[in-house]
Amino acid sequence: MTNPLTQTAAWAALTEHAAAMRGSHLRDLFASDPRRFASLSLEAEGLLLDYSKQRVTTETLRLLRELWRAADVAGWQARLAAGEAINHTEQRAVLHHALRHQHCTPVLFEGRDVMPDVHRVLAHMKSFCDAIHGRHWRGATGEPISDIVNIGIGGSDLGPRMATQALAAHRHRDVRVHYVANLDGADLATTLDGLQPRTTLFVVASKTFTTQETMQNAHSARAWLTASLGEAAVERHFVAVSTNLEAVAAFGIDPVNAFEFWDWVGGRFSLWSAIGLPLALAVGFANFTRLLEGAAAMDRHFREAPVDENLPATLALLELWNTNFLGAESRAVLPYSQSLGLLSRYLQQLEMESNGKQVGRDGTPVGHATCPVVWGEPGTNGQHAFYQLIHQGGRLIPCDFIAARRADFALPGHHEKLLANCFAQSEALMRGKTPVEAQAEVGAAQPALAPYKVFPGNQPSTTLLLPAIEPYTLGQLVALYEHKTFALGALWNLNSFDQWGVEYGKQLASRLLPIIEGKAPTTGLDSSTAGLIAACKP
Ligand SMILES: O=P(O)(O)OC[C@H]1O[C@H](O)[C@H](O)[C@@H](O)[C@@H]1O
């Protein structure tokens, strides 16, 4: 059965509305309604979401909100909050919001309040941060730690890595935090280059503690350490973050130095858990707490704000409109903030691993497009690389512009220019440049150039303005996209919390490894795979 939502009156009304909207241009919509910004923007929790440059009218939004009600997103929110196993293919609850819960009210999982465990681990993280920052934690030779290397991949890497860069202005001065993820030895080797074993601490971060990349890197890091300091040094130079404490102990990490989290925290939602430890070490525990508070504020907003004032709901509905009614296949994430330079990578996992699926909750195809390809780079760098295609490549590419009112690194003369570029790009994408305007620009001298200078415009975008990139606002921003992703899962009838698509390649890699090592024959392989393996024989 296809997604039942597509059979509703609201979906049919939107199909009709989309047909009627075809042919309208954003430039005309702005010209005919001077109040467009006022009616198609939202201010909540100190954030401004301007979606007036999306190809919508107030009627589009009214119909989309009907769809929201028809999909019973509120029902899914209630099931999630109640700790139901809404990740039904893995029989798991989804409770990452408990990690940032700010009240003394219980959060129940299987009838038990999870909050005492959450607070216990937070207290452990705080005392560890205090020990490192206070230089009480000493390495095997008695020296304090100057460099922390987080070894993890996917959700055990992208969140803290992205947030560490985002909060660079809040960095603790005495420790440097590095991230290693790739199985390619180049990642670990180049990171260790220049570090001293005596002053380096490794955080091995893995929900399962079985991930091949992380385990390989952890073993190699351990060999690097023990080669100069001996086996006994491991306990002063390795800590772990995991749900699998047995495997942590088997690796030789002292259980006292294991930071626990739980099955009800999905990898891509784990920044708020002990997976955030390297971030807390990078920016201090107080800033980590502010991040949690910002996320909690967004949780409350998502839960309580009516759909027409709800930031995540609006983002989700606009994406559904662009995807299912306008046919967009990708979305560009364009932060006008160097500090948010890794945001698009983070959102790639959050959104594409959550909703890059075709099979619905009932095990049958949903029958429509789902998650677009998420990609992007910070402005203004992207302007000098791929914006050409967004402006004149003829594809529909909705864009998320993200900017901060205040600079986090306030060098004179930079921020105003940055904002000017950000707003100019969304304006240009919206307006375009007509043949007449292009003609007038080139003048009589070079009329042949005019067609090259025409910009179709009508390229939709949303601009999100934060007060500044700070721990609290970053928490809000990430939680905003989390809720958007969850809401789209509900609308598209997907289980946003499993990731079976990641498994197949892993299975095949473990089958190919003994063949590449020369321990098994190539029999049964397709000719391409066999040919590639043969070409790598020493
Ligand atoms: O934290 P780990 O268990 O090492 O998992 C790391 C990552 O790998 C898996 O393959 C999943 O696709 C990700 O969702 C996960 O974040």
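Residues numbered from 1 in each chain as written. Predicted model: local features only at pLDDT ≥ 70, side-chain atom pairs only at ≥ 80, totals over all residues. Heavy atoms only, no water.

For the protein, an unreviewed UniProt entry supplies the name Glucose-6-phosphate isomerase and the organism Sulfurisoma sediminicola. In its Function (unreviewed entry) section, the UniProt record describing the protein reads: "Catalyzes the reversible isomerization of glucose-6-phosphate to fructose-6-phosphate." Its UniProt record, at the heading Subcellular location (unreviewed entry), says of the protein: "Cytoplasm". (UniProt positions renumbered as here; feature names shortened; annotations may be inferred.)

Q: Explain the nonpolar core here, please?
A: The tendency in soluble globular proteins is for nonpolar side chains to be buried as a group. In this structure, Trp-68, Trp-264, Leu-277, Leu-474 and Leu-491 are the most contacted members of the largest nonpolar core, which totals 116 residues. A per-element tally of this core places helix α19 (residues 471–492) first, with 12 residues. Both of domain 1 (4–70 + 305–492) and domain 2 (96–288) provide at least three residues apiece to this core. Excluding residues that lie within four positions of it along the chain, Leu-277 makes contacts with Met-125, Phe-128, Cys-129, Val-203, Val-239, Val-241 and Phe-259. (Core = buried A, V, L, I, M, F, W, Y, C linked by side-chain atoms within 4.5 Å. Buried < 20%, exposed > 50% of the residue type's maximum accessible area, 1.4 Å probe, protein only. Helix = DSSP H or I, 4+ residues; strand = E, 2+ residues; numbered from the N terminus. Domains from an automatic or database assignment. Contact = heavy atoms within 4.5 Å.)

Q: Honestly, the environment of Ile-516 in this entry has me stumped. Any pointers?
A: Looking at the element boundaries, Ile-516 is found in helix α20 (residues 503–516). Residue Ile-516 is classed as exposed on the basis of its relative accessible area of 54%. With 14 residues separating them along the chain, Ile-516 and Ala-530 place their C-alpha atoms 9.6 Å apart.

Q: Would you mind showing me how to read helix α9 (residues 212–229) here?
A: Residues lying three or four places apart along an α-helix face the same way, a consequence of the helix completing one turn every 3.6 residues. Its 18 residues place the ends of α9 25 Å apart at the C-alpha level, agreeing with the 26 Å of an ideal helix rising 1.5 Å per residue. The complete set of buried residues in α9 reads Thr-214, Met-215, Asn-217, Ala-218, Ala-221, Arg-222, Leu-225 and Thr-226. Each buried residue of α9 lies within a common arc of 165° when the element is viewed along its axis, so the set occupies one face. Positioned one or two residues after α9, Gly-230 has a phi angle of 85°, which is positive. (Expected span 1.5 Å × (residues − 1). Arc of directions from axis to C-beta.)

Q: Quick question: what am I supposed to make of the pattern of salt bridges here?
A: Taken as a whole and judged by the stated rule, the model has 31 salt bridges. Arg-79 is the partner of Asp-72 in a salt bridge, and the nearest nitrogen-oxygen pair spans 3.5 Å. Ionic pairing is found between Glu-90 and Arg-92, a salt bridge with its closest N-O pair at 3.9 Å. For Glu-90, a relative accessible area of 21% translates into the label partly exposed. Accessibility expressed as a relative area gives 25% for Arg-92, which makes it partly exposed. Connected through shared salt-bridge partners, Glu-319, Arg-331, Glu-351, Asp-400 and Lys-484 make up one network. (Salt bridge = Lys/Arg side-chain N within 4 Å of Asp/Glu carboxyl O.)

Q: Just to check I follow, could you spell out the site of the ligand for this structure?
A: In the neighbourhood of the ligand, 13 residues make up the surrounding shell, with Ser-156, Ser-206, Lys-207, Thr-208 and Thr-211 lying closest. The separation between an oxygen atom of the ligand and a polar side-chain atom of Ser-156 is 2.6 Å. Note that an oxygen atom of the ligand is positioned 2.7 Å from one of the backbone N or O atoms of Lys-207. For the ligand, whose unbound accessible area comes to 390 Å², protein coverage reaches 89%. Of the residues that constitute the shell around the ligand, the class distribution is 2 nonpolar, 8 polar and 3 charged. (Near = heavy atom within 4 Å. Polar contact = N/O pair within 3.5 Å; in protein donor to acceptor, adjacent residues only side chain to side chain. Areas by Shrake-Rupley, 256 points an atom, 1.4 Å probe, with all protein chains shown as cover. Nonpolar A, V, L, I, M, F, W, Y, C, P; charged D, E, K, R; others polar.)

Q: What should I look at first to understand the sheet that holds strand β2 (residues 47–50) in this one?
A: Within a sheet, neighbouring strands are paired by backbone hydrogen bonds and run either parallel or antiparallel to one another. An order of β1-β2-β13-β12-β10-β11 is seen for the 6 strands of this open sheet, with the pairing classed as mixed. Every other strand in the sheet has two partners, leaving β1 (41–44) and β11 (373–375) as the edge strands with one partner each. Neighbouring strand axes in the sheet, compared pairwise and without regard to direction, differ in orientation by 15° on average. Note: strand β10 (residues 330–335) against strand β12 (residues 399–404), 4 bridges, orientation parallel. Pairing of Val-333 across the sheet is with Asp-400, part of β12. (Pairing = 2+ DSSP bridges. Axes fitted to C-alpha atoms, helices over the stretch in contact; angles between N-to-C directions.)

Q: Explain the packing of helix α1 (residues 9–21) against helix α14 (residues 311–325) here, please?
A: When two helices pack together, their arrangement is captured by the angle between the axes and the distance separating the axes. For the pair α1 and α14, the least separation of the axes is 11 Å and the interaxial angle reads 70°. With respect to each other, α1 and α14 are oriented roughly perpendicular. In the crossing of α1 with α14, the sense of the turn from one axis to the other is right-handed. Contact with α1, carried on its side by Trp-11, Leu-14, Thr-15, His-17 and Ala-18, involves Leu-320, Trp-321, Asn-324 and Phe-325 of α14 and no other residues of that element. (Parallel < 35°, antiparallel > 145°, perpendicular 65-115°, else oblique. Left-handed = near helix turned anticlockwise from the far one by under 90°.)

Q: Would you take a moment to explain the domain arrangement of the protein for this structure?
A: It is common to report an interface's size as the accessible area lost on association of the parts. Each assigned domain of the protein is listed with its residue range as follows: domain 1 (4–70 + 305–492), domain 2 (96–288) and domain 3 (500–535). The gap between the C-alpha centroids of domain 1 and domain 3 is 41 Å.

Q: What's the story with the sheet that holds strand β8 (residues 238–242) in this structure? I'm lost.
A: The strand order across the open sheet built from 5 strands is β6-β5-β7-β8-β9, with neighbouring strands paired in parallel fashion. Each edge of the open sheet carries a strand with a single partner, namely β6 (176–180) and β9 (258–260). The mean inter-strand angle of the sheet, taken between neighbouring strand axes irrespective of direction, is 20°. The sheet contact formed by strand β7 (residues 200–205) and β8 spans 4 bridges and is parallel. Looking at β8, one finds that Ala-205 is bridged to Val-241. Together, β5 (147–151), β7, β8 and β9 form the strand contacts of helix α6 (residues 115–133), whose direction differs from that of β9 by roughly 145°. Sitting on the sheet, helix α8 (residues 185–192) touches β5, β6 and β7, and the angle it makes with β6 is about 165°.

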